Amino acid sequence: EVLVALGAATGKELWRVDFPKRFGVPKPDFGFSSSPLLDGDSLIVQAANSVIRLNKKTGETEWRALARKADIMDSGAFSSPVMATLRGRRQVLVQSRTDLFGLDPKTGEVLWQQEVPHYRGMNILMPTAWGDKIFTSSYRMDSYLFEITAEGGKMASRELWKNKAKGYMSTPILLDGYVYMHLANQRFTCIDLRTGETKWTTEPYGQYWSMAVRDGKILALDERGQLLLIRANPEKFELLASKEISNSPTWAHIAVAGNELFIRELNAITAYRW
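Notes on the structure in this doc start here. Worth saying up front: this structure is predicted, and the values here are computed from it rather than measured.

### A word on the environment of Glu-238
Inference 1: As for its placement among the helices and strands, Glu-238 is situated in strand S22 (residues 238-244).
Inference 2: Considered as a pair, Glu-238 and Lys-217 are 21 residues apart in the sequence and their alpha carbons are 9.8 Å apart.
Inference 3: Other than its neighbours up to four places away in sequence, Glu-238 contacts Leu-229, Ile-230, Arg-231 and Asn-233.
Inference 4: At 2.8 Å, the side chain of Glu-238 forms a polar contact with the side chain of Asn-233.

What follows is the structure in structure tokens.
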């Protein structure tokens, strides 16, 4: 669990944070998999069995929240924080290995908490906001839509529906009131966010997908080096094109910048034009 800041022009190291050393915790059993969230002059990251806000210029700790015990069921985090505005309040959405949280980005204060059913703490997906609601899916469990409420100045969460679709590692795409998600059984599914109804489910594809969306089309990269172009159509699955772009593993998330795609395979990085 080490985070390093480099100068973009020179590659020179500016600062380094060794989270276990700074906070006196053991290295997590499953390693470090959270992506830092940039928020103004700060970075927010799930590390050291907690959520931490750092000054992006110095690496100094601004606050630490949700510190958890360091056992194999609870240590580390598989998800990454995201920023959203729910019920008019800007907040950091955090999925720990067992619960969803809304945190005040300035102080780390817990605004609300929602337990998410889980199998051995395997809650992996980034929480995805849809209006004042949050969609998530839990490994070997179900998919859920939670609504955030605000009454009397106090925020809370309640479950609106659940669906038997079982997500794994791939954060889904939410578009026009539908969620498109790759499942633990390697199938791809579409769910109506308003009702929780499954619209369609495909035959198996790769074990893992990373996805990007543009102009109603989903670009999906699996770990075998297969790149798929899919129309986001809730009525039927439409595979528009597919291409093998690597013969070595491609577990890293696809990166999109304008019309360029960056693919990180096992021993190289390649740029393509979309």
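### Observations concerning a nonpolar patch on the surface
Inference 1: There is a patch of nonpolar side chains on the surface, built from Val-2, Val-4 and Leu-6 and spanning about 230 Å² of accessible area.
Inference 2: Checked against the element boundaries, Leu-6 lands in strand S1 (residues 2-6).
Inference 3: The class of Leu-6 is exposed, set by a relative accessible area of 53%.

### Topic: the pairing of strand S7 (residues 82-86)
Inference 1: Side chains Val-82, Ala-84 and Leu-86 of S7 all project onto a buried face; the interleaved residues Met-83 and Thr-85 project onto a face where none is buried.
Inference 2: Where S7 lies against strand S8 (residues 89-95), five bridges are found, and the strand directions are antiparallel. When the bridges of S8 are listed, Ala-84 appears paired with Gln-91.

What counts and what doesn't
- Residues numbered from 1 in each chain as written.
- Predicted model: local features only at pLDDT ≥ 70, side-chain atom pairs only at ≥ 80, totals over all residues.
- Heavy atoms only, no water.
- Helix = DSSP H or I, 4+ residues; strand = E, 2+ residues; numbered from the N terminus.
- Contact = heavy atoms within 4.5 Å.
- Polar contact = N/O pair within 3.5 Å; in protein donor to acceptor, adjacent residues only side chain to side chain.
- Patch = residues over 30% accessible without salt bridge, like charges linked within 9 Å, V, L, I, M, F, W, Y side chains within 5 Å.
- Areas by Shrake-Rupley, 256 points an atom, 1.4 Å probe, with all protein chains shown as cover.
- Salt bridge = Lys/Arg side-chain N within 4 Å of Asp/Glu carboxyl O.
- Buried < 20%, exposed > 50% of the residue type's maximum accessible area, 1.4 Å probe, protein only.
- Pairing = 2+ DSSP bridges.

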